[in-house]
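Per-entry structural report
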Amino acid sequence: MAEIALNPDAPAQDKVAYHFQEAPEGTIIDIADFNLWYGKSQAIFDVNLKIQKGLVTALIGPSGCGKSTLLRSLNRMNDLIDGLKIAGRVTIDGEDIYRSGVDVIALRKRMGMVFQKPNPFPKSIFENVIYPLRVDGVTDRTYLEEACERALQGAALWKEVKDRLHENALGLSGGQQQRLCIARAICAEPEVLLMDEPCSALDPIATSKIEELIDSLKGHYSIVIVTHSMQQAARVSHNTAFMYLGRLVEYGHTEAVFTAPHNQRTLDYVTGRFG
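Let me sum up the structure you'll find in this document. Here the structure is a predicted model, which is why all the values come from computation and not from measurement.

All told, the structure shown has 18 salt bridges when counted by the stated rule. A salt bridge links D30 to K50; its shortest N-O distance comes to 2.9 Å. With D30 in strand 3 (residues 27–38) and K50 in strand 4 (residues 41–52), this residue pair connects regions lying 20 residues apart in the sequence. One salt bridge connects R150 with E189, and the closest N-O pair in it is separated by 3.2 Å. Here E189 lies in the loop between helix 7 (174–186) and strand 9 (192–196) and R150 lies in helix 5 (residues 141–154), a separation of 39 residues in the sequence. When its relative accessible area of 48% is taken as the criterion, E189 is described as partly exposed. Residues participating in the shared-partner salt-bridge network are K53, D93, E95, R99, R110 and E191.

Here it is in structure tokens:
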């Protein structure tokens, strides 16, 4: 375990605790000295974080701590906000995603995104799933059908909808709609799957199915999930990063973060003293 002070005179509670070993597969996303401002308001402070390839990484922390902002920085969705300014580096497989000339559309194809609430299009189930391929100009019907089935199988939804592919996706239940959105996210076979509180709008049964799905997708995808539920983070993730007031406080193996944290703020949060 190493502690890195945010500045040389930082008190103990302002040091970042890291306690995990690098995965054999290595790092897919490397966030280095990352800062972010909305206008004059700074939302992210000096974050250093390595996302390990093929694993599930959870971002936890109280509301407004910057975890969703950090997640959306990974595929540059924050670019859509006026007054955005960033400093530092974010690399995927060694490529700086904020360097001049980066094709942001191509970047987002490498990173599937699943949002807090299911957001299917008012189209058929089939057209929802293959939408990323349509955008790419794919027209081969056989290829599209195979890709649709593959994505729905991957999202554990194929058996439930295989006879309804041309029905409106809005007729699915909330849990089915979220799995449909996951199928859409993985249809173009991205490297990374970003999930921003994907279960917050779902009931416990649907949440359980999404968590089982995350477990089945790990390894094939590197998954980063923002969650308010510490229980969910404990169930689905390999590594957990705890954020507070825009700063990374602790990052390590999930079991260690929850059972033997090195930072007092982490201990206070995971034991329910605040949050």
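With that settled, the discussion passes to the environment of R108. Note that R108 resides in helix 2 (residues 104–109). Sequence-wise, R108 and R76 are 32 residues apart; in three dimensions their C-alpha atoms are separated by 7.8 Å. Once you skip the residues sitting within four places of it in the chain, R108 turns out to touch N75, R76, M77 and D79.

Turning our attention to the environment of Y18. As for its placement among the helices and strands, Y18 is situated in strand 2 (residues 15–19). For Y18, a relative accessible area of 16% translates into the label buried. Considered as a pair, Y18 and V257 are 239 residues apart in the sequence and their alpha carbons are 9.5 Å apart. Within polar-contact distance, the side chain of Y18 engages the backbone oxygen of N48 at 2.6 Å.

Further remarks concern the sheet that holds strand 7 (residues 95–96). Read across the sheet, four strands follow the order 4-3-6-7 without closing on themselves; strand pairing throughout is antiparallel. The sheet is open, and its two borders are formed by strand 4 and strand 7, each paired with just one other strand. In this sheet, strand 4 lies alongside strand 3 in antiparallel orientation, the contact comprising eight bridges. Its bridge partner being in strand 4, T27 is matched across the sheet by Q52.

All right, on to the side chain of T240 then. Note on placement: T240 falls in strand 11 (residues 239–244). Polar contacts involving the side chain of T240 include one to the side chain of T254, which spans 2.8 Å.

Let's shift gears to the pairing of strand 2. Where burial is concerned, most of strand 2 is hidden: four out of the five residues are buried. Sheet analysis places strand 2 next to strand 12 (residues 247–253), joined by three bridges and oriented parallel. In the sheet register, A17 faces strand 12, and the bridge partner there is E250.

With that settled, the discussion passes to the pairing of strand 6 (residues 84–92). Pairing analysis gives eight bridges linking strand 3 to strand 6, with the strands arranged antiparallel. From the neighbouring strand, I31 faces strand 6, where its bridge partner is V90. Two successive antiparallel strands, strand 6 and strand 7, enclose a turn made up of two residues, where D93 displays a positive phi of approximately 50 degrees.

Let us now look at the nonpolar core. One broad trend across soluble globular proteins is that nonpolar side chains are buried collectively. Core analysis: the largest hydrophobic core is formed by 47 residues, its most contacted members being L152 and L193. Excluding residues that lie within four positions of it along the chain, L193 makes contacts with G112, V114, A185, I186, L217, Y221, S222, I223 and V224. Membership of the second largest hydrophobic core comes to 33 residues, among which are I44, I51, I92 and Y98.

Okay, the packing of aromatic side chains next. Scanning all chains against the criterion turns up three aromatic pairs. Ring geometry for F242 and Y269: centres 4.9 Å apart, planes at 25 degrees, overall stacked. Here F242, found in strand 11, pairs with Y269, found in helix 11 (residues 264–270); they are 27 residues apart in sequence, far enough to count as distant. Pair check on accessibility: F242 and Y269 agree, each one buried. One residue, K85, lies across the ring of W37, its end atom 4.7 Å from the ring centre. The ring of F121 has R184 lying over it, and the distance from NZ or CZ to the ring centre is 4.2 Å.

The rules we used
Residues numbered from 1 in each chain as written. Predicted model: local features only at pLDDT ≥ 70, side-chain atom pairs only at ≥ 80, totals over all residues. Heavy atoms only, no water. Salt bridge = Lys/Arg side-chain N within 4 Å of Asp/Glu carboxyl O. Helix = DSSP H or I, 4+ residues; strand = E, 2+ residues; numbered from the N terminus. Buried < 20%, exposed > 50% of the residue type's maximum accessible area, 1.4 Å probe, protein only. Contact = heavy atoms within 4.5 Å. Polar contact = N/O pair within 3.5 Å; in protein donor to acceptor, adjacent residues only side chain to side chain. Pairing = 2+ DSSP bridges. Core = buried A, V, L, I, M, F, W, Y, C linked by side-chain atoms within 4.5 Å. Phe/Tyr/Trp six-rings, centres within 6.5 Å; stacked < 30°, edge-to-face > 60°. Lys NZ or Arg CZ within 6 Å of the ring centre and 35° of its normal.

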